[in-house]
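Residue-level structural notes
Spelled out from the first residue to the last, the chains are:
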Amino acid sequence: MDAGTGAGAGAVTDAGARAVAVVVPEAATGLVAQASPEPAREPEPALDPEPAPGPDPAPKHTTPEPTPHPDRAHVTALSGGTGGAHALAPLVDTVMDALARGARRRGGPIAPGRPGEVAATVSEVFGGPAAVTGAEALDRLTELLAHGSADPADASCAAHLHCPPLAVAVAADLAVSALNPSQDSWDQAPAATALETLLLQELAGLVGYEPEQAAGVLTSGGTESNLMGLMLARDRILGAASGRQIELTGVPGVPGAGTDHAPRPRILASAAAHFSVQRAAALLGLGEDAVLPVPVDHHLRMDTEALADVLDGCAGRGELPVAVVATAGTTDTGAIDPLRACAALAAEHGAWLHVDAAYGGGALLSDRLAPLLDGLGLADSVSLDWHKLGWQPAAAGVFLVRRSETYASLARRAVYLNPADDEEAGYPSLLGLSLRTTRRADAFKIAVTLRTLGREGLGRLVDACRDLAVAGARAVADHPRLELHSEPVLTAFLFRYLPERPSDTADAPADTAEAQREYDARCDAVNAALRRRLLREGSAVVGRTELPGEGPGRVRLKLTLLNPHTTAAEVERLLHAVVAAGRAEEEAR
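**Focus: the pairing of strand 6 (residues 381-385)**
Among the 5 residues of strand 6, 5 are classified as buried, and the element is accordingly described as predominantly covered. Side chains S381, S383 and D385 of strand 6 all project onto a buried face; the interleaved residues V382 and L384 project onto the opposite face, where all are buried too. Alignment of strand 5 (residues 352-357) against strand 6, held across 4 bridges, turns out to be parallel. Bridged to A357 within strand 6 is L384. Relative to strand 7 (residues 397-401), strand 6 runs antiparallel, the two sharing 5 bridges. Its bridge partner being in strand 7, S381 is matched across the sheet by V401.

What follows is the structure, encoded as structure tokens:
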């Protein structure tokens, strides 16, 4: 089944038909000479809503009506119970006021200053002799946090997969924080347990799985999801090869041939895969050296011919390929590995296919971009992160497996959480689906967002960010002092500032390989320094990375555009700021 075309995808699309419309500024789709985006318009409901019921009469034991500013009684009150909302309301007002003050003081993407200066400011308010205490702490520390945070909603804050969350998702998350359900047993989270189950079925269909056959869980993000995928791969593939129950007996003969001369387990991932693959191998007792890097092309996509060669090499050395990790949306360029080819090669060699779609999974929301993930439904397991291209407050990771029976090694029974007789009586448990015990109801904010905007509404946001990236890449390509690495696949692209070359004089270095090497080293130093200059000035937050390989000339700057309300003109201004910082660094040398 093709990704984004399954039954679950239809369910999400139907939700969009009932959802409110999302207005994306037209300026986000091309280069325009506009100083700033127009204020966001209030969304209009697609259908006339039913009149809201009147409020329930307040019970006699509720707390007093909220006061304009929180006093000691309010700050020691609880957020739950029938009076919790009344106790919470003035504190939320305090937070909103402090957030606004802090943002005004910051006045940009990040507050100017060096790390030591920021630390001194925090220490003064939090730990110094005049540290804030008592009821004032919430107000002052919130203002401090807002002033000292990088703001991903600012058009010049575009370094990382760090999205500005939707207000509706943040509001939903507040409800979860107030109620504090925990997903490790039904009796702590009755409604949230049912909601997470339904949400995961819908997302499984969106991926291309059969919802009734799949299984999954909400995670803290791609790192945890990748660990889970590789753990299940280890248990299933290595277990079948050794005849052992790996989660009970441990990994035999690692590294290399052990006492029973077991074949060495191997994990294959591209040279551009996320570092969490190596971390997972270490945690799973396989060792980071068990991960074999597969070469990538210029666009940082896995080379499937090279993958076939590495798999054949494993067979020739008597090694066991436990898993192939394909990436759908690399951190730096958004590159998507050839998923169908990876699936075929993994199946041929009896390996588990895990797809890290933490970033690229957001493409499933877009009719235009979903075909990029063709073959995703063939993976044995998938990582998704809705706190990247899904506009959710962290954490909002999702882990899914195509067949629920492959989850067996994670099953756990704790008599105080999921006794067998409770489950037999119809009380479900999510305990055996997660690496964690206590776990927030992170599914709620995703569910609210899906039902509010629908797949179509979220897809428009994805498309707007993709259009921004295309426009930004075009502006880079047109600028004589900037060099584009490759066209954007999703919403990110790499580039670098080009310092002036030595003038054409008698004492200038000859046009040799050594001269090019010196120039590349200078490029690396200037690009790294200009990024720090922008941070120090509070002008911009731009990413920095390095291309695979050896030697100088690999440092690149990165823009990751995740704010659908940013305009192309603002992206151009950000690029001009990069150029100005580059020239300043050249003059300072």
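There's plenty left to go through after this.
**With respect to the sheet that holds strand 8 (residues 482-484)**
Strand order in the open sheet formed by 4 strands is 8-9-11-10, with antiparallel pairing between adjacent strands. Each edge of the open sheet carries a strand with a single partner, namely strand 8 and strand 10 (543-546). Sheet twist, expressed as the average angle between the axes of neighbouring strands with direction ignored, equals 40°. Here strand 8 pairs with strand 9 (residues 492-497) via 3 bridges, running antiparallel. Along strand 9, the bridge assignment pairs L482 with Y497. Here helix 14 (residues 443-478) sits on the sheet in contact with strand 8 and strand 9, set at roughly 20° to strand 9. Docked against the sheet, helix 15 (residues 513-537) engages strand 9, strand 10 and strand 11 (555-560), running at close to 115° with respect to strand 9.

**Section: helix 6 (residues 167-179)**
Taking 1.5 Å per residue as the helical rise, helix 6 with its 13 residues ought to reach 18 Å, and the 19 Å between its terminal C-alpha atoms agrees with that figure. Every buried residue belonging to helix 6 is among A169, A172, D173, V176 and A178, and all of these are buried. If you follow the buried residues of helix 6, they end up packed against helix 3 (84-106) and helix 14. N180 occupies a position one or two residues after helix 6 and carries a positive phi of about 55°.

Cut-offs used in this document
Residues numbered from 1 in each chain as written. Predicted model: local features only at pLDDT ≥ 70, side-chain atom pairs only at ≥ 80, totals over all residues. Heavy atoms only, no water. Buried < 20%, exposed > 50% of the residue type's maximum accessible area, 1.4 Å probe, protein only. Helix = DSSP H or I, 4+ residues; strand = E, 2+ residues; numbered from the N terminus. Pairing = 2+ DSSP bridges. Axes fitted to C-alpha atoms, helices over the stretch in contact; angles between N-to-C directions. Contact = heavy atoms within 4.5 Å. Expected span 1.5 Å × (residues − 1).

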